[in-house]
Structure formats: structure tokens, C-alpha cells
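# Report on the structure
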Amino acid sequence: MESKLKFNIQAESGNARTGHLQLGSRTATTPMLVQTGMVPAILTSGELTALGTQAIKQSALEYWLRAQGQPEQLGFADIHEHLRWPGIVVGASGADQAYRWAKPRGRKKTGVSFHEPATGQQKMYTPQLAQQWQRLLGCDLLVGFARWEDYYAPVDDLQAAAQQTAEWLGMDKQSLNTLAPVVGGGLKRVRQASVAAAQATHPCGYALLGIDGAVKLAEQRRVIGEIVAMLPTEGLRYLPACGALEQVLMAIAQGMDIVDSDCAATTALHGTAYLGTKRLHLTQEHLAGDSRILVPGCQCPTCQAGYSRAYLHQLLQEQSPVGVRLLTVHNLFVLNQLVDRLRQAIAAGRLAELMADLAIDY
Ligand SMILES: [Zn+2]
């Protein structure tokens, strides 16, 4: 049974806002990060919760392929139970992945046809399957199916993708908690048409698709600002794209309520720790003899346990998974703390000052 979504905006500062999100018995404070990619693979549910994580992401496509399209092969009735995760689960259709696997002729009116890399089997993934499987998993928020195109694709392709996405959106009755996809690369009028088509279905919110890490930060800022200006205030705004720490904070300052994030882990995998919005590269030779705690004064479990820079340097040199875990814990703690500071600054009407302090353009 789908739980009704309630979203109350409590304060605004410029484009940014902070609010309260209720999804049945689960609640969250926005802006909210959705941990995705390697983060839920490196940390346990208990660790994620203790570090202040409110939401994780799961892809319907992945489970559909794993269960070979058979719901009874899933091995669980609810994804929260399966993962032992008490927080919010944000669904992904996984259509972007399917499109990346597909050849140009795989782009059909009914969905996307592709060869599954693991098995070589031909598959046909449709908007109906994406919705059905996000519901089967028990996702608290769903994202509508969209025809994927590269951000810098030719105008005709971006237009065709927006048209096809709009048709699909209007064709099926969407689940109550579905965020409508907004596509169109960097083209204002295509995004505008996509917003209009989405708005006609009276969605609870909007997912700004295709603005990924390959798009330069200044261009992301421009396009996000442009789309936010087109959206109704009351709808949730979701950026399901992962980038660096600076992108996450900029997207929140530009008015996103929900932002995907995997930078705590990707940064840790590079042997790097956050020092606020700055970086400490632990692979540097001179840190081999640095007995100081990773970040003195930091309240994260890694720093509180007293792990030194020299030991973390050694773990990374040995390519120990423990080193990456300890750094991911620290990075996620710092990231969540920064987002919390943004929430407080928005509530106090002092976001501009904080962003200047953090030296992040938005
Ligand atoms: Zn720390």
C-alpha cells in the first residue's frame, strides 16, 4: 500500500529551501542527500544511519534483471526489510543504464531494447516495468521513466527524447509518489516543454534528469537555475545525479530538495579526506610520518577512534578496504554536517554568507 507524501517548506533563502518530508511513517528533513553508488556498498545500514543518512537509492532495472523478471525470484517482499534499512528508499527506473547498453535501433516507442552485458540476453525494458518494479521493491519515492539522451546530444534527439518521455508520462497512471522526469539537455525550450508535460500530470515533484558529472559545474548551475525558475514552488525537486561535494552544495543552494551523492566514497577511493570543503590527499609521501589524528577535533567515528594520518596512509598504500571504509565514514560525516549547516543557514536566511565562507559559487 502506497503511503501518501507530504512536503512542507519551512523556510526559504534565495532559491533554496528547507522543509519536512513525510512518506508514510518515514520522515526526513530537506534538503536531503540520497546515498548511492559505492556508499551503501561500503557502509552498513547501521553506519549510514549513525552518520546522519536519511535516504539511499535502489534501481528497479538491477532487481528486474537479477530476478529475471520474476517477482517471486526477488527473495523479499520489501526492500527496507531486505537491506535492514529503516530510512527512505528512493527508486530509480534505471532507464539511463538501459539506454547506455542499447544500440540506436534499441530506442523503441514502447521502451528500450538492449543486450544485458552479463548474460548477452536480449531484454525489453518499458515504462510499465520500471514503475511496477519500483513499486515491488517498496520504494518510498519513485522516478518516472525517461528516454535518455546525452546532455550535449543534437537538438533533434533531445526534442525527440522530451516528446517520447512526455507521451509515456501521460499514458500510464503514475504512482502517487512518482517524481516526473524533466529532460532536455541544456536547451531551455526543450526543458520548458518537458516541465509543461510533467506539470500536466500533477506530480508530487520533479526529477531533473541528465545533468551528470560530465557537465561542467558552471553549466550545471545555469541549467538548474533555469529549470527551477519554471517549476511550481510546492513540488519536490530532485537532482538524481552525482558529482563532487561542490556540485551537491551548489545544487542545494540553487533550490534542489533532494540530491544524489556518492562523493563520500569516490573521494575515499582516491585516498582523499574532506577538510570542510577542502581536501587532504592521504597518499602523499610526507604523511607516512604524520602521527596526527586524521582531522583533529572532528567528531566522526574514524577521528574519534584516533586513527592517524600515518596509519591511514599505510592502509591506502596496502590497498586495504579498511582504509577506504574509514575514509568513507569521515567523508560522509563531513558531507552530512555541511548539508546540515546549509539547512540551518537557509532557515536563518544566511545562505549567501555561508556559501561565501565555504568559497562555493552558486
Ligand atoms: Zn573525521
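Residues numbered from 1 in each chain as written. Predicted model: local features only at pLDDT ≥ 70, side-chain atom pairs only at ≥ 80, totals over all residues.

In terms of nonpolar packing, the biggest core is built from 113 residues, with L179, V182, L208 and I252 touching the most fellow members. The element that contributes the greatest number of residues to this core is helix 14 (residues 321–347), accounting for 13 residues. V182 has contacts with R191, S194, V195, A198, Y206, A207, L208, L209 and I227, leaving out every residue within four places of it along the chain. (Core = buried A, V, L, I, M, F, W, Y, C linked by C-beta atoms within 7 Å. Buried ≥ 20, exposed ≤ 12 C-beta atoms within 10 Å, placed from the backbone. Helix = DSSP H or I, 4+ residues; strand = E, 2+ residues; numbered from the N terminus. Contact = placed C-beta atoms within 7 Å.)

Before going further, it helps to examine the environment of L269. Take L269: it is sitting in helix 11 (residues 263–269). Sequence-wise, L269 and K4 are 265 residues apart; in three dimensions their C-alpha atoms are separated by 38 Å. In contact with L269, other than residues within four places in its own chain, are M38 and V324.

Right, let's talk about the UniProt feature "domain: tRNA-guanine(15) transglycosylase-like" (unreviewed entry) in the protein for a bit. Residues annotated by UniProt as "domain: tRNA-guanine(15) transglycosylase-like" (unreviewed entry) correspond here to residues 15–358. With 42% helix and 18% strand, the stretch residues 15–358 has end C-alpha atoms that lie 18 Å from each other. (UniProt positions renumbered as here; feature names shortened; annotations may be inferred.)

A few words now on the pairing of strand 6 (residues 88–92). Counting buried residues along strand 6, five of its five residues qualify, which places the element largely inside the surrounding structure. Burial of the side chains of strand 6 extends over both faces: I88, V90 and A92 are buried on one face and V89 and G91 on the other. Two strands pair when backbone bridges link them, and strand 5 (residues 55–59) and strand 6 are joined in this way by five bridges, in the parallel orientation. The residue bridging S59 from the neighbouring strand is A92, located in strand 6. (Pairing = 2+ DSSP bridges.)

Here the focus is the packing of helix 9 (residues 217–228) against helix 10 (residues 245–253). Put simply, helix 9 and helix 10 touch, their axes get as near as 10 Å, and they point 20 degrees apart. In terms of their interaxial angle, helix 9 and helix 10 are classed as roughly parallel. In this structure, helix 9 meets helix 10 at a crossing whose hand is right-handed. For the pair helix 9 and helix 10, contact is made by L217, Q220, R221 and I224 and by E246, Q247, M250 and A251, respectively. Taken together, the residues of the contact of helix 9 with helix 10 break down into four nonpolar, two polar and two charged. (Axes fitted to C-alpha atoms, helices over the stretch in contact; angles between N-to-C directions. Parallel < 35°, antiparallel > 145°, perpendicular 65-115°, else oblique. Left-handed = near helix turned anticlockwise from the far one by under 90°. Nonpolar A, V, L, I, M, F, W, Y, C, P; charged D, E, K, R; others polar.)

Each domain of the protein was delimited in the assignment, giving domain 1 (5–261) and domain 2 (280–357). Each of domain 1 and domain 2 has a C-alpha centre, and the two are 28 Å apart. Facing 22 residues of domain 1, the contacting portion of domain 2 comprises 19 residues. Only strand 1 (5–13), strand 2 (16–23), helix 1 (39–42) and helix 10 provide two or more residues apiece to the side of domain 1 that touches domain 2. Examining the composition of the side of domain 1 that touches domain 2, we find that four residues originate from one element, helix 10, more than from any other. (Domains from an automatic or database assignment.)

Before going further, it helps to examine helix 10. For helix 10, a buried count of eight out of nine residues is recorded, marking the element as mostly surrounded by other parts of the structure. All buried positions along helix 10 are accounted for by L245, Q247, V248, L249, M250, A251, I252 and A253. Positive backbone phi, approximately 110 degrees, marks G255, located one or two places after helix 10.

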